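What follows is the residue order along each chain.
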Amino acid sequence: MSSRPRRPARPHHRPNRGSDSRPDRGPNRRPKRDPVRLLAFEALRAVDERGAYANLVLPPLLRQARERDGLDGRDTALATELVYGTLRRQGTYDAVVAACVDRPLREVDPPVLDVLSLGAHQLLGTRIPSHAAVSATVELARAVLGEGRAKFVNAVLRRIAADDLGGWLRKVAPPYDEDPEEHLAIVHAHPRWIVSALWDALGGGREDIEALLAADNARPEVVLAARPGRAAPAELLTGDAAPGRWSPYAVRLAEGGDPGGIDAVREGRAGVQDEGSQLVALALANAPLAGADRRWLDGCAGPGGKAALLGALAAERGAALLAAERQPHRARLVARALAGNPGPYQVVTADSTRSAWRPGSFDRVLVDVPCTGLGALRRRPEARWRRRPDDLDSLVPLQRALLTEALRAARPGGVVGYATCSPHPAETRAVVRDVLAREGAEPVDARPLLPDMPGLGEGPDVQLWPHLHGTDAMYLALLRRV
């Protein structure tokens, strides 16, 4: 399933003043100002027009709206649902909209598509009554698009409102028996190539892949990591928070929980970190090691979550952590995450494909490599529509280079952890296999280092899954330098 066409958007900060598009004509009134839907539209335009990420652009917009418009908790929850829900289901809604317009979607202006998607989500993905969803979205269109295009929006939304989501999926998705991948792509709002890659990595039948795709579309929990020696998990168990499922340092916040309201998070003694990410750091730290255990390296340390946990664990053992990050702005985030760490550490801006350290210098090395991010689509729903299969052409050689240099940085007998937040086979086992064929290393079984977790496969590497483990789809291979 192809993603929405990208084309330069017309300015949306003022209505079209064409002869048929004046907002104070037609109904002869100014459109009602709906701060919640205006905010959602502004966030969607930032994602589409500037390539922003919703998790970065939405919080400041919400802050501004609370101060300017007095939005309360219910308002901000609705705005958040409208943004994330629309982005997750964008491909499905595009297919529905395409069935309701008389032109190809590439000929519909992107701001109009964003308004239509917001309306489609309210009609098909929320419990907002149909008449209220149509009325509110048309008012939004009057405010940001003008009267003429608001009439177009009104006509399309009334066609969409004629059926529910199940009915539309039966109309726009091919039967599963005729084209399984395209059926799943439209029903679960993933590009077809991602459905194929996830299915290859997961194996199994229809039930397994549908469970994974559904988990990608579910709202993820906010998970915190208490940094050892700096905060205890019990300190984070406020309100309805609950202990993590797998990591001894994890705490899961209740829906709507605000990490910024917790002292340990504000003070840097704890941080937001998916439980799968915590487990990767813990597995490397706990891997069996003969001989010295004094120097650790995080070779791809930005933005700093794993580095902060590794630094705290290293400090407990008297080991020192070197955190390397190629991009200066991400290196600054790493330094901020590590500030106050009780043990020795250093943060450097360095390219770990061209090591700035002598070979054989480290006892433990982690490289959480740049990847397609297909394992974190529930947290960054817009990423599924931005990524392309040919992204692998540049990422896979980089991943091989990073793992190769990580092995060379480790001393004989040292342990290297290769991690990705992608389950794509080309980024996981294929990279490890290629590097092992050239470098002196042997696999280490990672499964015993993640005790009591089901569904870890045949090993020696580990692939976590949102629908099985409640984590991002993190991949981990542990290798010992020989």
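Residues numbered from 1 in each chain as written. Predicted model: local features only at pLDDT ≥ 70, side-chain atom pairs only at ≥ 80, totals over all residues. Heavy atoms only, no water.

Novice: Which parts of the structure should I look at to understand the nonpolar core?
Specialist: For soluble globular proteins, nonpolar side chains are generally found buried alongside one another. In terms of nonpolar packing, the biggest core is built from 57 residues, with Leu39, Val83, Val115, Leu116, Val153 and Ile160 touching the most fellow members. Those residues in contact with Val115, other than ones at most four positions away along the chain, are Phe41, Thr137, Leu140, Ala141, Val144, Leu145 and Val153. Within the second largest apolar cluster, 38 residues are counted, among which are Ala287, Leu310, Ala314 and Leu464. (Core = buried A, V, L, I, M, F, W, Y, C linked by side-chain atoms within 4.5 Å. Buried < 20%, exposed > 50% of the residue type's maximum accessible area, 1.4 Å probe, protein only. Contact = heavy atoms within 4.5 Å.)

Novice: Explain the packing of helix α18 (residues 392–409) against helix α19 (residues 429–436) here, please?
Specialist: Axis angle and axis distance: for two packed helices, these are the angle between their axes and the distance between the axes, and together they describe the pair. With their axes 10 Å apart at the nearest point, α18 and α19 run at an angle of 50° to one another. The pairing of α18 with α19 is recorded here as oblique in orientation. Once α18 is placed against α19, the crossing between them reads as right-handed. Contacts from Val396, Gln399, Arg400, Leu403, Thr404 and Leu407 in α18 reach Val431, Val432, Asp434 and Val435 in α19. (Axes fitted to C-alpha atoms, helices over the stretch in contact; angles between N-to-C directions. Helix = DSSP H or I, 4+ residues; strand = E, 2+ residues; numbered from the N terminus. Parallel < 35°, antiparallel > 145°, perpendicular 65-115°, else oblique. Left-handed = near helix turned anticlockwise from the far one by under 90°.)

Novice: So what exactly am I meant to see when it comes to the sheet that holds strand β1 (residues 223–226) here?
Specialist: The pairing of strands in a sheet happens through backbone hydrogen bonds and is either parallel or antiparallel. Strands sit in the order β2-β3-β1-β4 across an open sheet of four strands; the sheet is antiparallel. On the outer flanks of this sheet lie β2 (242–243) and β4 (270–272), each paired with one strand and no other. (Pairing = 2+ DSSP bridges.)

Novice: Hey, could you run me through unusual backbone geometry in this one?
Specialist: It is generally the case that most residues other than glycine have a negative phi and that most peptide bonds are trans. Following Gly302, the chain continues into Pro303 via a peptide bond in cis, with omega recorded as 0°. In this chain, Gly459 is followed by Pro460 through a cis amide linkage whose omega measures 0°. Relative to the assigned elements, Pro460 resides in the loop between β10 (441–444) and β11 (462–463). A positive phi angle, near 55°, is found at Ala189, a position not held by glycine. Its place among the elements puts Ala189 in the loop between α9 (180–187) and α10 (192–202). The class of Ala189 is buried, set by a relative accessible area of 0%. Backbone geometry places Asp452, a non-glycine residue, at a positive phi of 70°. Here Asp452 is to be found in the loop between β10 and β11.

Novice: Teacher, can you tell me more about the packing of aromatic side chains here?
Specialist: Overall, the coordinates contain two aromatic pairs when judged by the stated rule. For the pair Trp357 and Phe362, a centre-to-centre distance of 6.0 Å together with 90° between the ring planes defines the contact as edge-to-face. Grouping residues by exposure puts Trp357 and Phe362 together as buried. One Lys or Arg, Lys171, reaches over the ring of Trp168 and ends 4.4 Å from the middle of that ring. (Phe/Tyr/Trp six-rings, centres within 6.5 Å; stacked < 30°, edge-to-face > 60°. Lys NZ or Arg CZ within 6 Å of the ring centre and 35° of its normal.)

Novice: What exactly am I supposed to notice about the layout of surface pockets here?
Specialist: Unfilled space is identified by rolling a water-sized probe across the atoms. By volume, the second largest pocket is sized at about 270 Å³. Residue lining of the second largest pocket: 16 residues in total, with Ala201, Leu202, Arg429, Gln463 and Trp465 positioned closest to the centre. Element by element, the count of residues in the lining of the second largest pocket is highest for α10, at three residues. Here the residues of the lining of the second largest pocket sort into eight nonpolar, five polar and three charged. (1 Å grid on protein atoms, 1.4 Å probe; cavity = no way out; pocket = protein on both sides within 12 Å on 5 of 7 lines; lining within 4 Å. Points joined across faces, edges and corners; volume = space filled by probe spheres on them. Nonpolar A, V, L, I, M, F, W, Y, C, P; charged D, E, K, R; others polar.)

Novice: Just to check I follow, could you spell out the pairing of strand β5 (residues 295–298) for this structure?
Specialist: Looking down a regular strand, the side chains alternate between one sheet face and the other. Where β5 meets strand β6 (residues 320–325), four bridges bridge the pair, whose relative direction is parallel. Bridge pairing in β6 links Leu297 to Leu322. With helix α15 (residues 305–317) bridging β5 and the parallel β6, this β-α-β connection has right-handed handedness. Across three bridges, β5 lies against strand β8 (residues 362–368) in parallel orientation. Note on β8: the bridge partner recorded for Leu297 is Val365. (Right-handed = clockwise from strand over helix to strand, strands pointing away.)

Novice: Quick question: what am I supposed to make of the pattern of salt bridges here?
Specialist: One pass over the full model with this rule turns up 38 salt bridges. The residue Asp109 makes a salt bridge to Arg149 at a minimum N-O spacing of 3.1 Å. On the criterion of sequence distance, the pair formed by Asp109 in the loop between α4 (90–98) and α5 (110–125) and Arg149 in helix α7 (residues 147–160) is long-range, its members being 40 residues apart. Of the two residues, Asp109 and Arg149, both sit in the buried class. Between Arg192 and Glu182 there is a salt bridge, with the nearest N and O atoms lying 3.6 Å from each other. Of the two residues, Arg192 sits in helix α10 while Glu182 sits in helix α9, which places them ten residues apart along the sequence. Glu182 sits in the buried class, given a relative accessible area of 16%. Within this structure, Arg45, Asp48, Glu49 and Asp114 form a network of salt bridges that share partners. (Salt bridge = Lys/Arg side-chain N within 4 Å of Asp/Glu carboxyl O.)

Novice: Is there a simple way to think about the packing of helix α2 (residues 54–69) against helix α3 (residues 73–88) in this case?
Specialist: Viewed as axis vectors pointing N to C, α2 and α3 meet at an angle of 155°, and their least axial separation amounts to 11 Å. Put simply, α2 runs roughly antiparallel to α3. The handedness of the crossing between α2 and α3 is right-handed. Every residue of α3 that contacts α2 at Ala54, Asn55, Leu58, Leu62 and Arg66 is listed here: Thr76, Ala79, Thr80, Val83, Tyr84 and Leu87. Class assignment for the residues of the contact of α2 with α3 results in seven nonpolar, three polar and one charged.

Novice: How should I be thinking about the side chain of Thr353 in this particular structure?
Specialist: The residue Thr353 is located in the loop between β7 (345–349) and β8 in this model. Given the relative accessible area of 18%, Thr353 is considered buried. For Thr353, the side chain forms a polar contact with the side chain of Asp351, separated by 2.8 Å. Ignoring anything within four residues of it in the chain, the contact list for Thr353 reads Leu398, Ala401, Leu402 and Glu405. (Polar contact = N/O pair within 3.5 Å; in protein donor to acceptor, adjacent residues only side chain to side chain.)

Novice: What is the right way to look at the environment of Arg63 in this model?
Specialist: By secondary structure assignment, the location of Arg63 is in helix α2. In sequence terms Arg63 and Asn341 are 278 residues apart; their C-alpha atoms lie 30 Å from each other.

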